[in-house]
Protein chains: 2
Amino acid sequence: MDVLQLQDYPIFIGPCEEALSHFLGSHPYGEVFVLVDENTEACCLPRLSGVGELAKAVILRIQAGETFKNLDTCSGIWRQLLDAGAGRRGLLINLGGGVIGDMGGFCAATYKRGMDFVQVPTTLLSQVDASIGGKLGVDFHEVKNSIGVFANPRAVFIDPGFLDTLSFREVRSGYAEIVKHALIADAGLWNALKTKQELAALSWIELIPPSLQIKKRIVVADPFEKGLRKTLNFGHTIGHAIEAVSLQAAGPLLHGEAIAAGMICEAWLSFSAGLLDRLDLEAISTYLIQVYQPQPLSASNYPAYLQLMRNDKKNEADEINFTFIGPPGTAHVNQKAGEAEIRASFAYLNGRLGDQGLG
Amino acid sequence: MDVLQLQDYPIFIGPCEEALSHFLGSHPYGEVFVLVDENTEACCLPRLSGVGELAKAVILRIQAGETFKNLDTCSGIWRQLLDAGAGRRGLLINLGGGVIGDMGGFCAATYKRGMDFVQVPTTLLSQVDASIGGKLGVDFHEVKNSIGVFANPRAVFIDPGFLDTLSFREVRSGYAEIVKHALIADAGLWNALKTKQELAALSWIELIPPSLQIKKRIVVADPFEKGLRKTLNFGHTIGHAIEAVSLQAAGPLLHGEAIAAGMICEAWLSFSAGLLDRLDLEAISTYLIQVYQPQPLSASNYPAYLQLMRNDKKNEADEINFTFIGPPGTAHVNQKAGEAEIRASFAYLNGRLGDQGLG
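Cut-offs and rules
- Residues numbered from 1 in each chain as written.
- Chains lettered and ligands numbered in written order.
- Predicted model: local features only at pLDDT ≥ 70, side-chain atom pairs only at ≥ 80, totals over all residues.
- Helix = DSSP H or I, 4+ residues; strand = E, 2+ residues; numbered from the N terminus.
- Rg over C-alpha atoms; globule rule 2.2 N^0.38 Å.
- Buried ≥ 20, exposed ≤ 12 C-beta atoms within 10 Å, placed from the backbone.
- Contact = placed C-beta atoms within 7 Å.
- Core = buried A, V, L, I, M, F, W, Y, C linked by C-beta atoms within 7 Å.
- Axes fitted to C-alpha atoms, helices over the stretch in contact; angles between N-to-C directions.
- Parallel < 35°, antiparallel > 145°, perpendicular 65-115°, else oblique.
- Left-handed = near helix turned anticlockwise from the far one by under 90°.
- Least-squares fit on C-alpha atoms with pLDDT ≥ 70 in both.
- Expected span 1.5 Å × (residues − 1).
- Arc of directions from axis to C-beta.
- Domains from an automatic or database assignment.
- Nonpolar A, V, L, I, M, F, W, Y, C, P; charged D, E, K, R; others polar.
- Pairing = 2+ DSSP bridges.
- Right-handed = clockwise from strand over helix to strand, strands pointing away.

Draft legend 1. How the structure looks around the overall build of chain A. Helices and strands together make up the secondary structure of chain A, namely 13 helices and 11 strands. In summary, chain A has a C-alpha radius of gyration of 20 Å against a globular reference of 21 Å for 359 residues, a match within 12%. For chain A, the C-alpha atoms occupy an extent of roughly 60 × 40 × 40 Å along the three principal directions. Looking at chain A as a whole, 51% of its 359 residues qualify as buried. Relative to all contacts within chain A whose residues are 6 or more apart in sequence, the contacts with residues 24 or more apart total 75%.

Shown next as structure tokens:
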């Protein structure tokens, strides 16, 4: 069991049953609740059957999927807590991916002005991205995470064993954040990753800790996203818009798939701004296209992308705000781009995909 | 202009135009929003017409009243912020009573994970009670303030001039918190207040600062309500239940009217527990009955009161938790009472009102 100690809480990395059992045994909570969706109830909850302290836990159920990450679902969670007579001394265990962690954490942080919660992230994305930083919330009127708070869990339990329950696409989605962490903060890691075409050959238990270390370093330096932490937004301004629009379509993208496309566009914007050189841009695009095989962006969606970016929470006043990258391992926050430039970045991605198709 | 400096923000006491103008002039907010209801828009907003910095402010409107302190109204506020393109660098000014302050503060604290807000409380209740402590939130399924957070405003502007816009009942409602502050923490203040039958003869500009000082001392010692701060709950466990039930009735009670009745019941529980002597109980009951002239509690509502108390956020596990008082100026947190005892306290109040009627 590896332990990454943050300022406010520990992250346990390894098989989680024993660590969770020890945590519950040493904290006298009045009631314990476990939030699951139909997937984590079927695939992940049985793996906690050896945790005797959970025998009396109340299971709270929500429907799986990003489309249910909204205030209606929060109302259902709050209602279940209220009906179960939960007091402020209860504990909520969020067992699932980013939606469960973000929404369950938000519900706990706002229930009776705050009950304790712990995160048991079951996807690679939530393990490397959501387990540090205290960002909680839900989507609202198609704007991602527009209602939320910053609040920390009491502990996080990262068990790579849960990754066996995921599809290839889900694992690949989480991997996008590992690539992002390398691009903004660790050139050595990027140089190692860019040679790996075959995700199945990667060892997650080895890749998760260094990725968490990068995020820890950034978040500790800037807990409330005033400056350095914005480096983590690389790929996300455009990526969030692509993700949101795709949710309305027959084949919605997973978060990391959208972020991979967003990183290609924002790498081009970084190049266009003179911060990233052409060889690095080409290497990043080539690698992300090989791994993620994105679809071209439809020009009919451009207005929707731009409107969503204007509403993005990183957008201040009227300008659209980005994080660009410089040479791999470096990033630049508070960069601006106008609509024409952003459209040109979409064209770059589509052009690369055309090359790809012809090549 | 009197200034009470708290750890995290200042409270300005006096005519607010100049102080607000100076605050806005020295903080470069991207956008400024003012949250009002139909009452404060008509009676209070015109008093800010001299604040030039507000010329471009966007007015956000909600319906007045405790019944609208819910998540639906929050959704309306968040939607208006989103539609106006509010970024995280905006400022929300909450102009109104406790509902506006609690709900507007909650909406600001959760909009894009937190935008700044300031409170301009326009009722005596919100001036003496809500301006310190950071408790924000809304009611949910008839449980008061069950969804919320702790977060501090950037500043509070208390202008006793706004009290001229209030009815006698509203001023008297706020006065209940001043009496409560005296009973739990300041025997000298209680001895002075209990001789005052005529509220119109009181000087609010003189009474507000000492009342705020009491609350400041308590909240600084215990910001997250782990211990001492619970003393502020005196009268509120039963009072909140009486208030909630009254909201369904034709003649709903104001908060302080319900709390005055709650203080009488909880003073009796304090007496019954051997903490308060009979003479003090009688003095408290006599004074509160003279000032508030409460109606008897209907026995048909007892089950609803008890159910609401079980759901109260101060209730931990299965027991019903109270704050009792000892000799005036002292309080005891984490006191318990069972259903029979609570019903007896209702009977005491009703009996005193019967005496009153006969006397």
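Having put the structure on the table, let's press on.
Draft legend 2. Seen up close, the interface of chain B and chain A. Taken together, the 32 residues of chain B in the interface contact 32 residues of chain A. Of all the secondary-structure elements, those providing two or more residues to the side of chain B that touches chain A are helix H3 (71–83), helix H4 (98–110), strand S7 (135–140), strand S8 (143–150) and helix H12 (302–311) of chain B. Element by element, the count of residues in the side of chain B that touches chain A is highest for S8(B), at six residues.

Draft legend 3. Highlighting the nonpolar core. If you look at the biggest cluster of nonpolar residues, it comprises 215 residues, and the most contacted ones within it are Leu35(A), Ile93(A), Phe157(A), Leu35(B), Ile93(B) and Phe157(B). Once residues within four sequence positions are removed from consideration, Leu35(B) is found in contact with Leu60(B), Ile62(B), Ile77(B), Leu92(B), Ile93(B), Asn94(B), Leu95(B), Ile100(B) and Gly104(B).

Draft legend 4. Just the packing of H3(B) against H4(B), in detail. All names here are of chain B. Put simply, H3 and H4 touch, their axes get as near as 10 Å, and they point 55° apart. Taken together, the axes of H3 and H4 lie oblique to each other. Crossing of H3 over H4 shows right-handed handedness. The segment H3 lies against H4, with Thr 73, Cys 74, Ile 77 and Trp 78 engaging Met 103, Gly 104, Phe 106 and Cys 107.

Draft legend 5. Broad picture of the relation of the copies chain B and chain A. The operation relating chain B to chain A is a screw motion whose rotation component is 180°, with 0.0 Å of axial translation and a residual RMSD of 0.0 Å. Taken together, these values place the two copies in the relation of a two-fold axis. When the interface residues of chain B are mapped onto chain A, 100% of them again lie at the interface, so the same face is used by both copies.

Draft legend 6. Quick peek at the packing of helix H6 (residues 168–185) of chain A against helix H8 (residues 204–221) of chain A. All names here are of chain A. One way to put it is that H6 packs onto H8 with a least axis distance of 10 Å and a crossing angle of 50°. Taken together, the axis directions place H6 and H8 in an arrangement best described as oblique. H8 is crossed by H6, and the crossing has left-handed handedness. When H6 is examined against H8, the residues Ile 178, His 181 and Ala 185 are found in contact with a partner set consisting of Leu 207, Ser 211, Ile 214, Lys 215 and Ile 218.

Draft legend 7. Spatial organisation of helix H11 (residues 278–292) of chain B. Residue and element names in this part refer to chain B. Relative to the 21 Å expected for 15 residues at 1.5 Å per residue, H11 spans 21 Å between its end C-alpha atoms, a close match to the ideal helical length. Within H11, burial applies to Ile 284, Ser 285, Leu 288, Val 291 and Tyr 292. What you see down the axis of H11 is that its buried residues fit within an arc of 140°, all on one side. Of the exposed residues in H11, those oriented more than 90 degrees away from the buried face are Arg 278, Leu 279 and Gln 290. Of the residues trailing H11, Gln 293 is marked for its positive phi of about 45°.

Draft legend 8. Region of the structure containing the domain arrangement of chain A. Residues and elements named next belong to chain A. Per the domain assignment, the segments making up chain A are domain 1 (2–164) and domain 2 (169–358). Between the C-alpha centres of domain 1 and domain 2 the distance comes to 27 Å. Contact residues are listed per partner, giving 27 residues for domain 1 and 26 residues for domain 2. Those elements that place two or more of their residues in the side of domain 1 that touches domain 2 are strand S1 (2–5), strand S2 (10–13), helix H5 (124–130) and strand S8 (143–150). Each residue belonging to the side of domain 1 that touches domain 2 can be placed in one class, and the counts come to 13 nonpolar, nine polar and five charged.

Draft legend 9. Local environment of H12(B). Of the positions making up H12(B), those classed as buried are Tyr305(B), Leu308(B), Met309(B) and Asn311(B). Across the axial projection of H12(B), the buried residues extend over an arc of 160°, all falling on one side. Facing away from the buried side of H12(B) by over 90 degrees, the exposed positions are Pro303(B) and Gln307(B). Buried residues belonging to H12(B) abut helix H3 (71–83) of chain A together with S8 and helix H9 (236–247) of chain B.

Draft legend 10. Inspection of the pairing of strand S6 (residues 116–121) of chain A at higher detail. Residues and elements named next belong to chain A. Here S6 lies mainly inside the structure; five of its six residues are buried. As judged from the six bridges shared by strand S5 (residues 91–96) and S6, these two strands associate in the parallel manner. If you follow Ile 93 over to S6, its bridge partner there is Val 118. In the classification by handedness, the crossover that spans S5, the intervening helix H4 (residues 98–110) and the parallel S6 is right-handed.

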